[in-house]
Every structure is written in structure tokens, then in C-alpha cells.
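Examination of the molecular architecture
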Amino acid sequence: MRTRCVGGIVRDGDGRLLLVRRGRPPGAGLWSIPGGRVEPGEDDPAAVARELREETGLDVAVGALAGTVERPGPEGVVYEIHDYAATVTGGTLRAGDDADDVAWVRPDDLADLPVTPGLLDALAEWGVL
């Protein structure tokens, strides 16, 4: 079974990347870009905006598709993840929903964090890092 998911790649004025530490499986305890499942009736941009608001407290304008990855999930599920560039338009940064923590992280510090498998490779391939 395939599950469509989205993520939001957000940078601040200092070039830092917005990351969340996942509070639930898959990837509990690991840092990743914020995102999640696309709900029935939602398009990708609406899902990105909703997920970022839920996980980070920030409102975003969703831009272009940065790239797509597939990741295995439990019981044969395959997560098809479409990651989009996004820009903060408002809100207050706070961890929410299934995020344990949220932070702006300098690209140079990413290698020191426990991140979800394949994240750094995908971001590098898409020209984000």
C-alpha cells in the first residue's frame, strides 16, 4: 500500500533549515523536515501548510516541489513523500502535534543530529544543502 505524504523545506533569513524531532513512529526521536500524510480531499500545498502549522506553529506559503522520495513503513506501507519549498508568513515557533521539538538548524550542524534515514542525501541531491 502506498501513502502520499508531504514535507515543507523552510529556511530562515540566516539560511538555517526548519526541522522537527519526530515524537511518533516512523522515525520517533529523529530529526526531519516537518510534514505528514495528505488527508482525503487535500492537495499537496494545503497538506504542507496544515502539517507545518500543526507541527511547528508556523504559517507558510508553499512554493515549488523540491523532490520526491519513497520510504518503507510498517506492514508493507510505502510512504511516497513530496517535499516542497515553503516560506514562513506568520505564526509562532513551537513544537506541536507529533513533534517532540522544533528548531532552526544551520546546515553545518545537520551532520551532528540524528536525522531520518536518507534525509541529508535527498536534500543534497535537490540542491538544498
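Residues numbered from 1 in each chain as written. Predicted model: local features only at pLDDT ≥ 70, side-chain atom pairs only at ≥ 80, totals over all residues. Heavy atoms only, no water.

The name given to the protein chain in an unreviewed UniProt entry is ADP-ribose pyrophosphatase YjhB, NUDIX family, with the source organism recorded as Actinomadura meyerae. Taken verbatim from the UniProt record of the protein chain, the Cofactor (unreviewed entry) comment is "Mg(2+)". On record in UniProt, under Sequence similarities (unreviewed entry), the comment for the protein chain is "Belongs to the Nudix hydrolase family." (UniProt positions renumbered as here; feature names shortened; annotations may be inferred.)

**Things to note about the layout of surface pockets**
Here the largest pocket is characterised by a volume of approximately 710 Å³. Lining the largest pocket are 34 residues, and of these Arg22, Pro26, Gly35, Tyr79 and Ile81 sit closest to its centre. Contributing elements (two or more residues each) for the lining of the largest pocket: β1 (2–10), β4 (35–37), α1 (44–56), β5 (58–72), β6 (78–91) and α2 (119–125). Top element by residues in the lining of the largest pocket is α1. It accounts for 4 residues. For the lining of the largest pocket, the residue count by class is 15 nonpolar, 7 polar and 12 charged. (1 Å grid on protein atoms, 1.4 Å probe; cavity = no way out; pocket = protein on both sides within 12 Å on 5 of 7 lines; lining within 4 Å. Points joined across faces, edges and corners; volume = space filled by probe spheres on them. Helix = DSSP H or I, 4+ residues; strand = E, 2+ residues; numbered from the N terminus. Nonpolar A, V, L, I, M, F, W, Y, C, P; charged D, E, K, R; others polar.)

**Digging into the side chain of Asp44**
Relative to the helices and strands, Asp44 resides in helix α1. If sequence neighbours within four positions are ignored, Asp44 has contacts with Arg4, Val6, Val38, His82 and Tyr84. (Contact = heavy atoms within 4.5 Å.)

**Some remarks on the sheet that holds β6**
Read across the open sheet, the 4 strands follow the order β4-β1-β6-β5; overall the sheet is mixed. Each of the sheet's edge strands pairs with one partner strand only, and the pair in question is β4 and β5. For this sheet, the mean inter-axis angle between neighbouring strands, taken without regard to orientation, is 20°. Sheet analysis places β5 next to β6, joined by 12 bridges and oriented antiparallel. When the bridges of β6 are listed, Val60 appears paired with Val88. Where α1 meets the sheet, it contacts β1, β4, β5 and β6, and its direction lies at approximately 100° from that of β5. (Pairing = 2+ DSSP bridges. Axes fitted to C-alpha atoms, helices over the stretch in contact; angles between N-to-C directions.)

**Description of the environment of Asp12**
Of note, Asp12 is situated in the loop between β1 and β2 (17–22). Remark: the alpha-carbon pair of Asp12 and Arg106, spanning 94 residues in sequence, is separated by 9.8 Å.

**Thoughts on the pairing of β6**
Both β1 and β6 contribute to a ladder of 9 bridges, which runs parallel. Looking at the pairing, Arg4 lines up with Glu80 of β6. Adjacent in sequence and paired antiparallel, β5 and β6 are bridged by 5 residues, among which Glu75 carries a positive phi angle near 55°.

**Some words on the sheet that holds strand β3 (residues 31–32)**
Pairing in this open sheet of 3 strands is antiparallel, and the strands run β3-β2-β7 from one edge to the other. Two strands in the sheet have a free side with no partner beyond their single neighbour: β3 and β7 (99–105). The strands touched by α1 within the sheet are β2 and β7, with β2 carrying the most contacts at an inclination of about 65°.

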